[in-house]
Amino acid sequence: MIKLIATAESLSQGQALLEAGVDYLVIGESSYGLRLPGYFDREEMAEMIRITHQAGKEVIVAANAILHNDKIDRARDYLSQVKAMDADLLMVGDTGLIQILKEEAYRMPYIYDASVLVTSPGQVNFWAQYGAVGALVAREVPYVELTEMARDAKIPLMVQTYGASCIHQSGRMLLDNYFNFVGKDKTEVAEHELFLSEPKKDETHYSIYEDDHGTHIFANNDLDLMMYLNDLQKAGIQRWYADGIYCPGQAFVEINRLFAQARDAIEAGQWNDAYALQLDQKVRELHPDNRELSTGFFLFDKDTVQ
């Protein structure tokens, strides 16, 4: 069965996403979660898990940051709390955290998320030996290679079908450093979206995001694979991930509702190009006006992406 996975920015949005047809919510807090659209405190996480379980669905707690020693030292306490909340899964990318998960007291199933490193079935199957029950595939992997990965992977692959794609991360707080250098208060632009542009290319607008783990640069275009969902299904990829970091509030909920309708049509054998185009147009209407959509690397030739 096809499962929809989506990030949640708040309790209210999380509940709305469940009602819209999402099967797994991805939530987390600032110290261990990477590039999340919103942060939950421990009480909110516990409440979101309770609400999700009442709906018969599951919660993935994001602990997918690459961690410095101070956070690794505190990880056992955090993992104990997450386990006590009855979270269903973790999303993990740091090998130090995976090492801790081998210990009986902290053992939990996890989805392996190491960003650009998850590009081959060998990589996926290696971590399956150490507790991974799924893997989030790098956004740079084109469809022709996804089909090969799905054929040979021993655990389910999760593929991003909607939302922003990070193309660079620095562990430094570059925004803080810049505003300190120019003598400005960063809070003055806290409500504005910040972009980088290439010299003499005004059309480029690489979004800048800063969190506890550094500074992150996002691609010009967000992903939208609505027209190719049936291809993913045929390839055996049935875990579809939506990232809401740059699509806040109800618009993200409604976009996920459209993907739920697509899932239902595919599973009922009622999918066709006309319906796909209709749903895709609705996605584009709901998508933020200041952001563009594309298929990313999905349609690239195998030899184009090295």
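Residues numbered from 1 in each chain as written. Predicted model: local features only at pLDDT ≥ 70, side-chain atom pairs only at ≥ 80, totals over all residues. Heavy atoms only, no water.

### Here's the deal with the overall build of the protein
- Secondary structure summary: the protein contains 10 helices and 14 strands in total.
- For the protein, the residues scored as buried account for 50% of the 306 residues in total.
- Taking all contacts inside the protein whose residues are at least 6 apart in sequence as the whole, residues at least 24 apart take part in 67%. (Helix = DSSP H or I, 4+ residues; strand = E, 2+ residues; numbered from the N terminus. Buried < 20%, exposed > 50% of the residue type's maximum accessible area, 1.4 Å probe, protein only. Contact = heavy atoms within 4.5 Å.)

### Some thoughts on the environment of D273
- The residue D273 is located in helix α10 (residues 273-286) in this model.
- When its relative accessible area of 62% is taken as the criterion, D273 is described as exposed.
- Along the chain, D273 and N230 lie 43 residues apart, while their C-alpha atoms are 9.8 Å from each other.

### Details of the pattern of salt bridges
- Evaluation of the coordinates by the stated rule reveals 12 salt bridges.
- Residue R42 pairs with E29 through a salt bridge whose shortest N-O separation is 3.6 Å. Pair noted here: R42 is in helix α2 (residues 42-54) and E29 is in the loop between β2 (24-27) and α2, with a separation of 13 residues, a long-range link.
- Taking relative accessible area as the criterion, E29 reaches 7% and is therefore assigned buried.
- Across the pair R284 and D280 runs a salt bridge, and its minimum N-O distance is 2.9 Å. Here R284 pairs with D280, and both are found in helix α10, just four residues apart, close to one helical turn.
- R284 sits in the partly exposed class, given a relative accessible area of 39%. (Salt bridge = Lys/Arg side-chain N within 4 Å of Asp/Glu carboxyl O.)

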